[in-house]
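Read off the chains here:
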Number of protein chains: 2
Amino acid sequence: MAAREALPFDLRALEIFLAVCEEGAMAGAARRLGLTQPAVSQAVADLEGRIGLAVFDRSVRPLGLTAAGGVLRQKASALISEARQIAPALRETEHGRFPLLRAGLVDSLARALAAPLGGYLATLAEEVSVLSGLTAAHASALLSRQMDFLVGLDELEDVEGLERFALVTEPYVLLLPAGVAPPVRVDDLRQMALPLVRFSARSKTGIEVERHLRRLKVELPRRLEFDTPQGVAATVAAGEGFAVTTPLCIHEGAVDLARVRCAPLPGPAFQRRLTLIARRQELGRLPREIADFCRSRLAADVLPALDAAMPWLAGTLRIEG
Amino acid sequence: MAAREALPFDLRALEIFLAVCEEGAMAGAARRLGLTQPAVSQAVADLEGRIGLAVFDRSVRPLGLTAAGGVLRQKASALISEARQIAPALRETEHGRFPLLRAGLVDSLARALAAPLGGYLATLAEEVSVLSGLTAAHASALLSRQMDFLVGLDELEDVEGLERFALVTEPYVLLLPAGVAPPVRVDDLRQMALPLVRFSARSKTGIEVERHLRRLKVELPRRLEFDTPQGVAATVAAGEGFAVTTPLCIHEGAVDLARVRCAPLPGPAFQRRLTLIARRQELGRLPREIADFCRSRLAADVLPALDAAMPWLAGTLRIEG
DNA sequence: GGATGATATAAATGATACTTATAGTATCCG
DNA sequence: CGGATACTATAAGTATCATTTATATCATCC
């Protein structure tokens, strides 16, 4: 955690600063706040001393703002207005629940988890939003506090201040149209007659697959790519190509298993892990509990079907925790 | 402005509260903060007294959070982390400019203003973003502080705490394919052979046109609609229909004026006004200056061409201020 | 070039954050 | 169960910081 250096101001100082901005004069601000003029003058001088910069241009009247003062007005105004909303929000929370929880769910778990997760969150919060999509978009939303947690691949490995709960690890596998014989060796892969249906490079899964194939020196023509597991699975089911995907993506695709064939991916182990990521400490025990819930639902609803369809997975698809 | 009731806490109290949350114990928090245990105990009791709610459940150890406490942790954590970013941001502003300015520009001014506005803002801020689109989306971004100001129709008439600067008022006009004779009376409108090309009801312009035509008892079949002035203008230029639009939308459409014909809209006066809207007091004199800039660019770059193409406008298209 | 209305500084005062000291309470463990 | 341990609450004193009164200095307007 960052060094606990003291904050250079408190909310009271910002309140006084904003009053001066709006009145254009310290004396005016003092009248409005029910203080004396020197109190305001000293509060402003103290604030400037603490941040080490002048915020007012005292050579003109009405008082002008310096560059730093302009920015401070913008930021302080936002901060105070948020602070004012906190106490009312707390009072509305007497039901013992959060007022709002916002979750991001990677596409490949949308079918498996969106509804149960939404239902579970609804028992914890007054208002719930579950957004499915690419984890990249969710990651930036999480960092900018427009989202409370996300479930997806970990694209934030280098970011401090987050906590992670591993949910499930799964190997990449091959998905082929029903009649096609699966390649057994890496070399068979290089000679596939069918084109490769790809995940878009906008998704981390797409990037990982791309990199793995490059490492294996498997070069396949670029023909069709999709953002979503459904697009990939449906295209394979239609016989248009084969894909490197994962068991959960196949489940997400909701495709008729009679029309496709799943097979191990030849070559060295290649897997991915889905994780729940939240800002550390902000939601207390909640992220851990939500992760537990997700694991139990995956174990109960999804794993049995996938193990039945791909018995050769033999535990390489496993719930963490 | 809202009644200036005092804030029920300052940042120091929240800092202590969060330390207790993370340590799970007041004594632990005291050690971490370099305080004594009673100091923390009293700060917490004081905080609870001010907001009128208990935040900790003292009957269990490690200390549990109440419902309100859970929400407070979430909000306080966000507030403190934003507060910590302020001072560094101020120090980066020694160039005399804002670190970031985010503008929303209504589609109908995108061609006329996006580039010059962007250039002008770049002289004021380190980083600038100018987003074009429907004002409805910009309005919500403005309110949620994801945008600093917007230029468009005023869809926020009932919202407090905003300041407005009128830029330009323009009448709605008819746009027809070159060869078509313009309707002169309202009744001619009702008998147009060509279909009406509409602005989507997602845009305020579209809604206003729709309402005006309903008031005039002009009912025209629904065939083609667009979100953007380009779509409307290009469709009219292709001879596919006629449109009720405005001079600035026509300019935005960037259509060859030889292929279309502009004419007054029969019936009572019907106009719209474009406005610059910002959160009050946050950017100081900046909104007024930006509005001045926008007016001068419109007067210099756009008005002469439109007056030449539609001499019958005769001052009904006018810059405000 | 004063008159006026503002800001800055100094010293005194009041509020409140913090400390020491002590009493009360939860949890652990034999 | 009972005592050891570690925590929290309360009381009273102290230190610190915000605010006041009093006074000096500065900007702006005729």
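Residues numbered from 1 in each chain as written. Chains lettered and ligands numbered in written order. Predicted model: local features only at pLDDT ≥ 70, side-chain atom pairs only at ≥ 80, totals over all residues. Heavy atoms only, no water.

Novice: Before we go on, may I ask you to explain the overall build of chain A in this structure?
Specialist: Counting its regular elements, chain A contains eleven helices and 13 strands. Here the C-alpha atoms of chain A give a radius of gyration of 27 Å, more than 25% beyond the 20 Å that 2.2 N^0.38 yields for 321 residues. Overall size of chain A, expressed as C-alpha extent along the three principal axes, is 85 × 45 × 35 Å. Evaluated residue by residue, chain A yields a buried proportion of 53% over its 321 residues. Considering only intrachain contacts with a sequence separation of at least 6, the fraction spanning at least 24 residues in chain A is 74%. Side-chain charges of chain A comprise 38 positive and 38 negative groups, with the mean position of each set lying 2 Å from the other. (Helix = DSSP H or I, 4+ residues; strand = E, 2+ residues; numbered from the N terminus. Rg over C-alpha atoms; globule rule 2.2 N^0.38 Å. Buried < 20%, exposed > 50% of the residue type's maximum accessible area, 1.4 Å probe, protein only. Contact = heavy atoms within 4.5 Å. Lys, Arg positive; Asp, Glu negative; His and termini not counted. Charge placed at Lys NZ, Arg CZ, Asp CG, Glu CD.)

Novice: Sorry if this is basic, but what is going on with the relation of the copies chain A and chain B here?
Specialist: The relation between the two chain copies is a rotation about an axis coupled with a shift along that axis. When chain A is fitted to chain B, the residual RMSD is 0.2 Å, and the transformation amounts to a turn of 179 degrees plus an axial shift of 0.1 Å. On this basis, the relationship between the two copies can be described by a two-fold rotation axis. Taken as a fraction of all interface residues of chain A, those also at the interface in chain B reach 98%, which identifies the copy contact as same-surface. (Least-squares fit on C-alpha atoms with pLDDT ≥ 70 in both.)

Novice: When you look at the sheet that holds strand β7 (residues 173–177) of chain A in this model, what are you seeing that I'm missing?
Specialist: To summarise the sheet geometry, strands pair through backbone hydrogen bonds and adopt either a parallel or an antiparallel arrangement. Residue and element names in this part refer to chain A. Spatially, the five strands line up as an open sheet ordered β9-β8-β10-β7-β11, and their pairing is mixed. If you trace the sheet from one side to the other, it starts and ends with β9 (222–226) and β11 (260–264), each paired once. On average, each strand axis in the sheet is tilted by 30 degrees relative to the strand beside it, whichever way the strands run. One ladder, built from three bridges, connects β7 with strand β10 (residues 242–245); its direction is antiparallel. Bridged to Leu-174 within β10 is Val-244. Packed on one face of the sheet, helix α9 (residues 229–237) meets β7, β8 (196–199), β9, β10 and β11 and runs near 175 degrees to β8. (Pairing = 2+ DSSP bridges. Axes fitted to C-alpha atoms, helices over the stretch in contact; angles between N-to-C directions.)

Novice: Even after reading the chapter, I still don't get the protein's contact with DNA strand C, so can you show me in this structure?
Specialist: In the vicinity of DNA strand C lie 21 residues, with Met-26, Ala-27 and Arg-58 of chain A together with Thr-36 and Gln-42 of chain B positioned nearest. Among the atoms of DNA strand C close to the protein, meaning within 4 Å, 53% are from sugar or phosphate groups. Separating a phosphate oxygen of DNA strand C from a backbone N or O atom of Ala-27 of chain A is a distance of 2.7 Å. Take Gln-42 of chain B: an N or O atom from its side chain is 2.8 Å from a base oxygen of DNA strand C. (Near = heavy atom within 4 Å. Polar contact = N/O pair within 3.5 Å; in protein donor to acceptor, adjacent residues only side chain to side chain.)

Novice: Is there a simple way to think about the protein's contact with DNA strand D in this case?
Specialist: Taken together, 21 residues are adjacent to DNA strand D, and Thr-36 and Gln-42 of chain A together with Met-26, Ala-27 and Arg-58 of chain B come closest. Backbone atoms, meaning sugar and phosphate, make up 56% of the atoms of DNA strand D lying within 4 Å of the protein. Interatomic distance of 2.6 Å between a backbone N/O atom of Ala-27 of chain B and a phosphate oxygen of DNA strand D. Of the residues contributing to the surface near DNA strand D, the split by class is nine nonpolar, six polar and six charged. (Nonpolar A, V, L, I, M, F, W, Y, C, P; charged D, E, K, R; others polar.)

Novice: Where do I start with helix α1 (residues 11–23) of chain A in this structure?
Specialist: Residues three or four positions apart in an α-helix share a direction because the helix packs 3.6 residues into each turn. All names here are of chain A. The terminal C-alpha atoms of α1, which comprises 13 residues, lie 18 Å apart, in line with the 18 Å expected from a rise of 1.5 Å per residue. The element α1 is extensively covered by neighbouring structure, given that ten of its 13 residues are classed as buried. For α1, the set of buried residues is Leu-11, Ala-13, Leu-14, Glu-15, Ile-16, Phe-17, Leu-18, Ala-19, Val-20 and Cys-21. One or two positions beyond α1, positive phi appears at Gly-24, with a value near 75 degrees. (Expected span 1.5 Å × (residues − 1).)

Novice: I would appreciate a short explanation of the packing of aromatic side chains in the present structure.
Specialist: Residues and elements named next belong to chain A. The tally for this structure, following the rule as stated, stands at six aromatic pairs over all chains. Between the aromatic rings of Phe-17 and Phe-56, the centroid separation amounts to 5.4 Å while the plane-to-plane angle is 40 degrees, which identifies the pairing as tilted. Here the residue Phe-17 occupies a position in helix α1, and Phe-56 occupies one in strand β1 (residues 56–57), the gap between them amounting to 39 residues. The exposure class assigned to Phe-56 is buried, which follows from its relative accessible area of 4%. Between Tyr-172 and Phe-270 the ring centres are 4.0 Å apart and the planes differ by 10 degrees, which places this aromatic pair in the stacked class. Of this pair, Tyr-172 sits in the loop between β6 (162–171) and β7 while Phe-270 sits in the loop between β11 and β12 (271–279), and the two are 98 residues apart along the sequence. Pair check on accessibility: Tyr-172 and Phe-270 agree, each one buried. (Phe/Tyr/Trp six-rings, centres within 6.5 Å; stacked < 30°, edge-to-face > 60°.)

Novice: In this structure, what is going on with the sheet that holds strand β3 (residues 98–106) of chain A? I would like to understand it.
Specialist: Residues and elements named next belong to chain A. The strand order across the open sheet formed by six strands is β4-β3-β5-β12-β6-β13, and the pairing between neighbours is mixed. Two strands close off the open sheet at either side, each with one partner strand: β4 (125–133) and β13 (318–319). As judged from the eight bridges shared by β3 and β4, these two strands associate in the parallel manner. When the bridges of β4 are listed, Gly-104 appears paired with Leu-131. Packing of helix α5 (residues 110–122) onto the sheet brings it into contact with β3, β4 and β5 (149–152), and relative to β4 it is tilted by some 165 degrees.

Novice: Even after reading the chapter, I still don't get the domain arrangement of chain A, so can you show me in this structure?
Specialist: Accessible area lost when the parts come together is the quantity often used to give the size of an interface. By domain assignment, chain A separates into domain 1 (11–91), domain 2 (98–167 + 274–312) and domain 3 (173–269). Placing the centre of domain 1 of chain A and that of domain 2 of chain A at their C-alpha centroids yields a distance of 41 Å. (Domains from an automatic or database assignment.)

Novice: Any chance you could explain unusual backbone geometry here in plain terms?
Specialist: Note on backbone geometry: most residues besides glycine have negative phi, and most peptide bonds are trans. Here the phi dihedral of Arg-145 of chain A falls at roughly 65 degrees; this positive angle occurs in a residue that is not glycine. For Arg-145 of chain A, the location among the structural elements is in the loop between α6 (135–143) and β5.

Novice: Help me understand the side chain of Glu-210 of chain A, please; the structure alone is not making it clear to me.
Specialist: All names here are of chain A. Position of Glu-210 relative to the elements: it lies in helix α8 (residues 204–215). Of note is the side chain of Glu-210, whose polar atom sits 2.5 Å from the side chain of Arg-198. Ignoring sequence-local partners within four residues, the contact set of Glu-210 consists of Arg-198 and Arg-222.

Novice: Would you mind showing me how to read the packing of helix α2 (residues 26–33) of chain A against helix α3 (residues 37–51) of chain A here?
Specialist: Two measures define how a pair of helices packs: the angle their axes make with one another and the distance between the axes. Residues and elements named next belong to chain A. At a minimum axis separation of 8 Å, α2 and α3 run at an interaxial angle of 115 degrees. Between α2 and α3, the angle is such that the two are roughly perpendicular. The handedness of the crossing between α2 and α3 is right-handed. Of α3, the residues touching α2 (which contributes Met-26, Ala-27, Ala-29 and Ala-30) are Gln-37, Val-40, Ser-41 and Val-44. Of the residues that constitute the contact of α2 with α3, the class distribution is six nonpolar, two polar and no charged. (Parallel < 35°, antiparallel > 145°, perpendicular 65-115°, else oblique. Left-handed = near helix turned anticlockwise from the far one by under 90°.)

Novice: What should I look at first to understand the nonpolar core in this one?
Specialist: It is characteristic of soluble globular proteins that their nonpolar side chains tend to be buried jointly. Counting residues in hydrophobic clusters, the biggest one holds 160 residues, and the most contacted among them are Leu-72 of chain A together with Leu-72 of chain B. Those residues in contact with Leu-72 of chain A that sit more than four places away from it in its chain are Leu-14, Phe-17, Leu-47, Ile-51, Val-55 and Ser-77 of chain A together with Ile-86 and Leu-90 of chain B. In this structure, Tyr-172, Leu-196, Val-218 and Ala-263 of chain B belong to the second largest nonpolar core, which totals 18 residues. (Core = buried A, V, L, I, M, F, W, Y, C linked by side-chain atoms within 4.5 Å.)

Novice: Is there a simple way to think about α6 of chain A in this case?
Specialist: Residues and elements named next belong to chain A. Among the residues of α6, Thr-135, His-138, Ala-139, Ala-141 and Leu-142 are the ones counted as buried. With its buried residues spanning 165 degrees around the axis, α6 presents them on a single face. Buried residues along α6 sit in contact with β3, β4, β5, β6 and β12. In the segment just after α6, Arg-145 is the residue with positive phi, at about 65 degrees. (Arc of directions from axis to C-beta.)

Novice: How do you make sense of the interface of chain A and chain B when you look at a structure like this?
Specialist: Taken together, the 49 residues of chain A in the interface contact 48 residues of chain B. Summed over both partners, the interface of chain A with chain B comes to about 4,700 Å²; 62% of that surface belongs to carbon and sulfur atoms. The largest contributions to the chain A side of the interface with chain B come from Leu-7, Gln-74 and Leu-90 of chain A, which together make up 14% of the buried area. Between the two partners, chain A and chain B, sit zero salt bridges. Summed over the shared surface of chain A and chain B, the result is eight residue pairs in polar contact (both at pLDDT 80 or more). In terms of residues, the side of chain A that touches chain B owes the most to one element, helix α4 (residues 67–91) of chain A, which gives 21 residues. (Buried area = accessible area lost by both parts, 1.4 Å probe. Salt bridge = Lys/Arg side-chain N within 4 Å of Asp/Glu carboxyl O.)

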